[in-house]
Amino acid sequence: MTKEVVCVYQDCPLCGDKGKVVVKIATEKGVSIRKVSFASDEGRELIHEALAEHGIGSMPFYVMDGKFSTSLDEVLKEPEPVKKPRRKTNKRKGKK
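This one's a predicted model, so the numbers in the text were calculated from it and none came from an experiment. (Residues numbered from 1 in each chain as written. Predicted model: local features only at pLDDT ≥ 70, side-chain atom pairs only at ≥ 80, totals over all residues. Heavy atoms only, no water.)

Student: Describe in detail the overall build of the chain, supporting the description with residues and values.
Tutor: A tally of regular secondary structure across the chain gives 3 helices and 4 strands. Ordered by position from the N terminus, the helices and strands of the chain form the series β-α-β-α-β-β-α. A compact globule built from 96 residues should have a C-alpha radius of gyration of about 12 Å, whereas the chain, at 21 Å, is more than 25% larger. In terms of overall dimensions, the chain has C-alpha extents of about 80 × 30 × 25 Å along its principal axes. Taking as baseline every contact in the chain between residues at least 6 positions apart, the subset at least 24 positions apart corresponds to 53%. Total accessible area on the chain is roughly 8,000 Å²; 51% of this is exposed by carbon and sulfur atoms. Mean positive and mean negative side-chain charge positions of the chain (20 and 14 charges, respectively) differ by 23 Å. (Helix = DSSP H or I, 4+ residues; strand = E, 2+ residues; numbered from the N terminus. Rg over C-alpha atoms; globule rule 2.2 N^0.38 Å. Contact = heavy atoms within 4.5 Å. Areas by Shrake-Rupley, 256 points an atom, 1.4 Å probe, with all protein chains shown as cover. Lys, Arg positive; Asp, Glu negative; His and termini not counted. Charge placed at Lys NZ, Arg CZ, Asp CG, Glu CD.)

Right, here's the structure in full:
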């Protein structure tokens, strides 16, 4: 199953030079882009959330799994694994 990225836009986000770059990135990462107009009900809800909770005030912006960003690369970035701190062990020599 391919992952889906929602792209909220005002003007066509996949046209022109910037659009070609976005399509190339999506193809390389194996995700599909679903375009949502800013005038649609879903678009208005996403815009409200982007402004209120994430501080995004420009379009197009991308949403995937609750992550919002104006950069497709940022949305597709995998979180770095959290390294657990290692416990230091003392190597004691036994009593002789």
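Now that the structure has been shown, we can carry on.
Student: Any details on the side chain of serine 69? Residues and values, ideally.
Tutor: As for its position among the elements, serine 69 is in strand β4 (residues 67-69). Polar contacts involving the side chain of serine 69 include one to the main-chain amide nitrogen of serine 71, which spans 3.1 Å. If we skip the residues at most four places from it in the chain, serine 69 touches Ile56, Phe61, Tyr62, Glu74 and Val75. (Polar contact = N/O pair within 3.5 Å; in protein donor to acceptor, adjacent residues only side chain to side chain.)

Student: Run through the nonpolar core, naming residues and quoting values.
Tutor: Among the nonpolar cores identified, the biggest contains 11 residues, and these are Val5, Cys7, Val22, Ile25, Ala26, Val31, Tyr62, Met64, Leu72, Val75 and Leu76. Only β1 (3-9), α1 (16-29), β3 (61-64) and α3 (72-76) provide two or more residues apiece to this core. Leaving out residues up to four positions away in the same chain, valine 75 has contacts with Tyr62, Val63, Met64, Lys67, Phe68 and Ser69. Counting residues in each nonpolar core, the second largest holds 9 residues, with Ile56, Phe61, Val63 and Phe68 among its members. (Core = buried A, V, L, I, M, F, W, Y, C linked by side-chain atoms within 4.5 Å. Buried < 20%, exposed > 50% of the residue type's maximum accessible area, 1.4 Å probe, protein only.)

Student: If you had to explain the state of the cysteines to someone new, which residues and values would you point to?
Tutor: Within this structure, the stated rule accounts for 0 disulfides. Cysteine 12 provides the cysteine sulfur closest to cysteine 7, a residue in no disulfide bond, and the two sulfurs are 8.7 Å apart. Looking at cysteine 7, the relative accessible area reads 0%, which means it is buried. (Disulfide = S-S within 2.5 Å.)

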